[in-house]
Amino acid sequence: MYARDRCQRCYLKLRALLKQTGQFAPILLHGHAEEKLNARTEPGPGGCVLYTGTINPRGYGELSVNGASRLAHRVAYELKVGPIPAGLALDHTCHNLDLSCQGGPRCVHRRCINVEHLEPATLAENTRRGRGGVRNAIKTHCPAGHAYDAENTYLYDGRRYCKACNRLREWVGTRGPAH
């Protein structure tokens, strides 16, 4: 959905028609960010406050603030709590607690703008807390079957990498057999 429950193409046609008949009324076109957020929310499960405005392809709410597109949960946090510390992302703790949620772009928690459900965290910590992080943290072997142990594993940017697979990739990429 783009606006008013229509795709972008259909919404633009509707808007042109409404403008011709004088019936078009913009949705808080010149309102402040807080007014826009409050006008586009509804209660959700587990105390979530869901953003009902424009949703981006990744499932997060977006709104225009001073002519720039911003993520709704970040705007809400900055308005009510303050600036997000440099180098940190906002973790939706409501998603971490809902074990039935599969995540992804259709995850209802990505639309949550309740600041009590948002916590600044490093990207690595945010990933570890999410569904993929939990699944990956319990893995004992890489996809090729090599053990994740002290001799065969290195950490980079909060993720584990297999040294044996890395050596194989380097060998094939530089002096390995031609395919």
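Thresholds applied
Residues numbered from 1 in each chain as written. Predicted model: local features only at pLDDT ≥ 70, side-chain atom pairs only at ≥ 80, totals over all residues. Heavy atoms only, no water. Helix = DSSP H or I, 4+ residues; strand = E, 2+ residues; numbered from the N terminus. Contact = heavy atoms within 4.5 Å. Salt bridge = Lys/Arg side-chain N within 4 Å of Asp/Glu carboxyl O. Buried < 20%, exposed > 50% of the residue type's maximum accessible area, 1.4 Å probe, protein only. Core = buried A, V, L, I, M, F, W, Y, C linked by side-chain atoms within 4.5 Å. Polar contact = N/O pair within 3.5 Å; in protein donor to acceptor, adjacent residues only side chain to side chain. Disulfide = S-S within 2.5 Å. Pairing = 2+ DSSP bridges. Phe/Tyr/Trp six-rings, centres within 6.5 Å; stacked < 30°, edge-to-face > 60°. Expected span 1.5 Å × (residues − 1).

Moving on, we get to the overall build of the protein chain. Along its length, the protein chain carries 7 helices and 8 strands. Partitioning the contacts of the protein chain with sequence separation of at least 6, the portion at a separation of at least 24 is 43%.

All chains considered together, the criterion is met by 2 salt bridges. In this structure, Glu42 and Arg111 form a salt bridge, with 3.8 Å as the shortest nitrogen-oxygen distance. Taken together, the residues span a long stretch of sequence, with Glu42 in strand E1 (residues 41-43) and Arg111 in the loop between helix H4 (93-97) and strand E6 (118-121) at a distance of 69 residues. For Arg70, the salt bridge is made with Glu78, and the minimal N-O distance between the two is 2.7 Å. Overall, Arg70 belongs to the partly exposed group, its relative accessible area being 27%.

Once that is clear, we can look at the nonpolar core. Ranked by size, the top nonpolar core spans 9 residues in total: Ala33, Leu37, Tyr51, Leu63, Val65, Ala72, Val75, Ala76 and Ile113. For this core, the elements supplying multiple residues, two or more each, are helix H2 (33-39), strand E3 (62-65) and helix H3 (72-80). Per element, the largest residue contribution to this core is 3 residues, and it comes from H3. With residues near it in sequence (within four places) discarded, Val75 still touches Ala33, Leu37, Leu63, Val65 and Arg70.

Next up on the list: the side chain of Asn152. With respect to the secondary-structure elements, Asn152 resides in the loop between helix H6 (131-137) and strand E7 (153-156). Look at Asn152 and you get buried, because its relative accessible area is 11%. Here Ala164 takes part through its backbone nitrogen, which lies 3.0 Å from a polar atom of the side chain of Asn152. Those residues in contact with Asn152 that lie beyond four places of it in its chain are His146, Ala147, Tyr161, Cys162, Lys163, Ala164 and Arg167.

As enumerated under the stated definition, the model contains 0 disulfides in all. You can see Cys112 has no disulfide; the closest cysteine sulfur is in Cys48, sitting 3.8 Å from it. Cysteine Cys162 is unpaired, with the sulfur of Cys165 as its nearest cysteine sulfur at 3.7 Å. Residue Cys162 is classed as buried on the basis of its relative accessible area, which comes to 7%.

Another point: the side chain of Thr93. As for its position among the elements, Thr93 is in helix H4. For Thr93, the contacting residues outside a window of four places in its chain are Glu116, His117, Leu118 and Glu119.

Burial of the side chains of strand E5 (residues 89-92) extends over both faces: Ala89 and Asp91 are buried on one face and Leu90 and His92 on the other. Judged from the 4 bridges that link them, E5 and E6 form a sheet pairing that is antiparallel. Of the residues in E6, the one forming a bridge with Asp91 is Glu119.

Take the packing of aromatic side chains next. Taken as a whole and assessed by the stated rule, the structure comprises 1 aromatic pair. Between the aromatic rings of Tyr154 and Tyr161, the centroid separation amounts to 5.5 Å while the plane-to-plane angle is 20 degrees, which identifies the pairing as stacked.

In this section: helix H1 (residues 8-21). With 14 residues, H1 should cover 20 Å at 1.5 Å per step; its first-to-last C-alpha distance of 20 Å lies within 8% of that length. One or two steps after H1, the chain reaches Gly22, where phi turns positive at roughly 75 degrees.

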